[in-house]
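# Fold and contact review
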Amino acid sequence: MLDRKLRKGQHEIVGFVLIVLLVSVIGVVFLSIALNKGSTIEPRSAEISNFLSSMMYTTTDCAINYVPQYRDMQDLIKECYKDSLGNKRSCLDGRNVCRVLEENLINLIDKSMPVGEEAVQKAYNFAAFYSSRQETIPDESIINLNKGSFKNCSSVAGSGHSLPVSSLGGGTIDVKLSICKN
Amino acid sequence: MDVNFITIHKMKKTKKGDLKIQVLKNPAGFLGLSSSKLADLKIQAPTNLRFLGASIFNKKGDLKIQEMAFMLLGVFLFFILVGLFVLSIAYSNIRDEATRIAEERTLSAVTSISDSPELSCVASKSNCIDGDKLVGMLNKTSYQQFWPFSSLKVIKYSGFGKKGKELITCTFANYPDCDVLVVYDKKVSNERTIGSFIAFCRKEFENGYTYDKCEVGRILAGTELKNAG
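Summarised in this report is the structure supplied together with it. Per chain, residue numbering runs from 1 following the sequence as it is written. Here every chain gets a letter starting at A, and every ligand a number starting at 1, in the order they are written. For this predicted model, a pLDDT threshold of at least 70 governs which residues receive local features, and a threshold of 80 or more governs which side-chain atom pairs are given and counted, while totals over whole chains, interfaces and linings are taken from all residues.

We count a stretch as a helix when DSSP gives it H or I for four or more residues in a row; a strand needs E for two or more, and each element gets its number in order from the N terminus. Tallying secondary structure elements over chain A gives four helices and six strands in all. Order of helices (α) and strands (β) in chain A, N terminus to C terminus: α-α-β-β-α-α-β-β-β-β. Residue burial in chain A is summarised as follows: out of 182 residues, 26% are buried. Contacts here follow a simple rule: the backbone-placed C-beta atoms of the two residues must lie within 7 Å. Considering only contacts in chain A between residues 6 or more positions apart, those separated by 24 or more positions represent 56%. Whether a residue is buried, exposed or partly exposed follows from its count of other C-beta atoms within 10 Å of its own C-beta, namely 20 or more, 12 or fewer, or something in between, respectively; the C-beta atoms are built from the backbone.

What follows is the structure in structure tokens.
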């Protein structure tokens, strides 16, 4: 009788200890998963910031008034925005400014930051949009380029660049580039 | 006492015989039991009830101690695991942050080179290198003491995606139809190279006009690792 009670008690203790250990292990696992998923803030990268600023000075092959007054990338973004407002703009050779902008941007990003499963970069997102000074007016997208998938990134880095556009009603054109790293 | 003495003494000579004698002479002492002790127990058992009760209480106490020990072990292990987990997260964050700060510092140092008067573009563009100025600096060994880097190179846009041997080094003769401008290279064995994007501009002439032709480039600055290994 006493032996049975003792054995029952020992079993209870062993069970209790196992439960405590099990609960603690599960808790630790859940905590680690929760903390790893927690950071959604995109770190600002100096490299991407430098890339964006240097990209804006890049001379394109689009001249609007005369050759050799070729537009640089930031001018072309502004021209593309004017084009989207209805003020049709095209290069001297007849190509649409937005089309030229897209071609130049894709070539530039693909060559400078190659994207692929084997490469350092897995995917990118480039966006240029006009922001009015008035908060009630929503941002107007000028161009949006995507390549690759942002799923399972080891890290996401990004940066932005603002273009001063005094001639466009006091607003600004913001350019953003996000990179998903393998 | 005499018997024992004789027994031990004789065991050296005839052990079996002596043992038989000893058992016969003192069977209870040999077995470790004496009739008087058994009798004592019989007498003690009914008169002293605490004899039985104490053993039960002792076992219950043992169980409680055991239970407490297991509980303490569980709690201890739990806190150890949590502590290790928190420490690992905190340590990894600190290391990441340190790496990021070091990278930012080096990058800002490299960026400041592009904004220095020796290299900066005339048109007050930030993060821009004047290619025509840079060509004038090629093969000038005096700049090895000017900047705290073991090597300084600028890769043009045409050199992006090319491997080391495929890059065409710029000289006065082949500029601008080349890929990399080597300002200087101390050729150190242990070198860590940090790169940053820059705008690389030069003057072009077309239709009777001169204009700035800019492209994306990459400045590479090498630092000698003195305590590597």
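From this point, the narrative continues.
Moving on: the interface of chain A and chain B. Each partner contributes residues to the interface: chain A has 30 residues there, and chain B has 34 residues. Put simply, the parts of the chain that give the side of chain A that touches chain B at least two residues each are helix 1 (2-38), helix 2 (46-56), strand 2 (70-72) and helix 4 (97-112) of chain A. Per element, the largest residue contribution to the side of chain A that touches chain B is 11 residues, and it comes from helix 1 of chain A. By residue class, the composition of the side of chain A that touches chain B is 17 nonpolar, 10 polar and three charged. Residues are sorted three ways: Asp, Glu, Lys and Arg are charged, Ala, Val, Leu, Ile, Met, Phe, Trp, Tyr, Cys and Pro are nonpolar, and all the rest, Gly among them, are polar.

This next bit is on the pairing of strand 6 (residues 172-181) of chain A. All names here are of chain A. By this definition, two strands are paired if DSSP reports at least two bridges between them. Where strand 3 (residues 121-131) lies against strand 6, 10 bridges are found, and the strand directions are antiparallel. When the bridges of strand 6 are listed, A127 appears paired with K176. Taken together, the 10 bridges between strand 5 (residues 155-164) and strand 6 define a ladder with antiparallel strand orientation. Bridge pairing links P164 to T172 in strand 6.

Glancing now at the pairing of strand 1 (residues 59-63) of chain A. Residue and element names in this part refer to chain A. Where strand 1 meets strand 2, two bridges bridge the pair, whose relative direction is antiparallel. Looking at the pairing, A63 lines up with Y70 of strand 2. The turn joining strand 1 and strand 2, which pair antiparallel and follow one another in sequence, is formed by six residues.

To continue, consider the sheet that holds strand 5 (residues 209-224) of chain B. Taken in spatial order, the five strands line up as 1-4-5-2-3 (chain B) in an open sheet, and their pairing is mixed. The open sheet has two free edges, formed respectively by strand 1 (128-130) and strand 3 (180-185) of chain B, since each of these has just one partner strand. If you compare each strand with its neighbour and ignore which way they point, the axes differ by 30° on average. In this sheet, strand 5 of chain B lies alongside strand 4 (residues 191-206) of chain B in antiparallel orientation, the contact comprising 16 bridges. Looking across to strand 5 of chain B, one finds that E204 of chain B is bridged to Y211 of chain B. Convention adopted: a line fitted to C-alpha atoms gives each axis, helices being fitted over their contacting stretch, and angles between N-to-C directions are expressed from 0 to 180 degrees. Set on the sheet, helix 2 of chain A makes contact with strand 4 and strand 5 of chain B; between it and strand 4 of chain B the angle comes to about 5°.

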